[in-house]
Amino acid sequence: MPDAGPDAAPDSSTASKPVELAVLELAVILGCPGCISTQAEKLAAGGTTRAEFCAALQKSIDAAGPLAMMCAAQAMDRFDEPTG
């Protein structure tokens, strides 16, 4: 298969990571436990780094304040849980 070159569309898994992180941010801001768990598990399984994950949580905390900290803690716990 020939090289697609620099103008090729990005890999869908790479392109969707910012969207998935944004969904996590919204879930934390809204305080939806099920959404937080689902997104955290999805991002952990998808290879999101801890630094990327924490940056998204920080955005949520900046936007929603102290209440988001509780949800961010839940998200961090779910992200850190071993899968298998």
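Note that the coordinates shown come from a computational prediction; the quantities given were computed from them, not determined experimentally.

## Some details on helix H4 (residues 66-80)
- The first and last C-alpha atoms of H4 sit 21 Å apart over 15 residues, in line with the 21 Å expected at 1.5 Å per residue.
- Burial in H4 covers these residues: Ala68, Cys71, Ala72, Ala75, Met76 and Phe79. The arc enclosing the buried residues of H4, seen along the axis, measures out at 150°, which places them on a common side. When the buried face of H4 is taken as reference, the exposed residues oriented beyond 90 degrees from it are Pro66, Leu67, Met70 and Asp77.

## As for the environment of Ala68
- Tracing the chain through its elements places Ala68 in helix H4.
- Residue Ala68 is classed as buried on the basis of its relative accessible area of 1%.
- C-alpha of Ala68 to C-alpha of Gly31: the two residues are 37 residues apart in sequence and 7.0 Å apart in space.
- Ignoring any residue separated from it by four or fewer positions in sequence, one finds Ala68 in contact with Val28, Ser60 and Ile61.

About the cut-offs
- Residues numbered from 1 in each chain as written.
- Predicted model: local features only at pLDDT ≥ 70, side-chain atom pairs only at ≥ 80, totals over all residues.
- Heavy atoms only, no water.
- Helix = DSSP H or I, 4+ residues; strand = E, 2+ residues; numbered from the N terminus.
- Expected span 1.5 Å × (residues − 1).
- Buried < 20%, exposed > 50% of the residue type's maximum accessible area, 1.4 Å probe, protein only.
- Arc of directions from axis to C-beta.
- Contact = heavy atoms within 4.5 Å.

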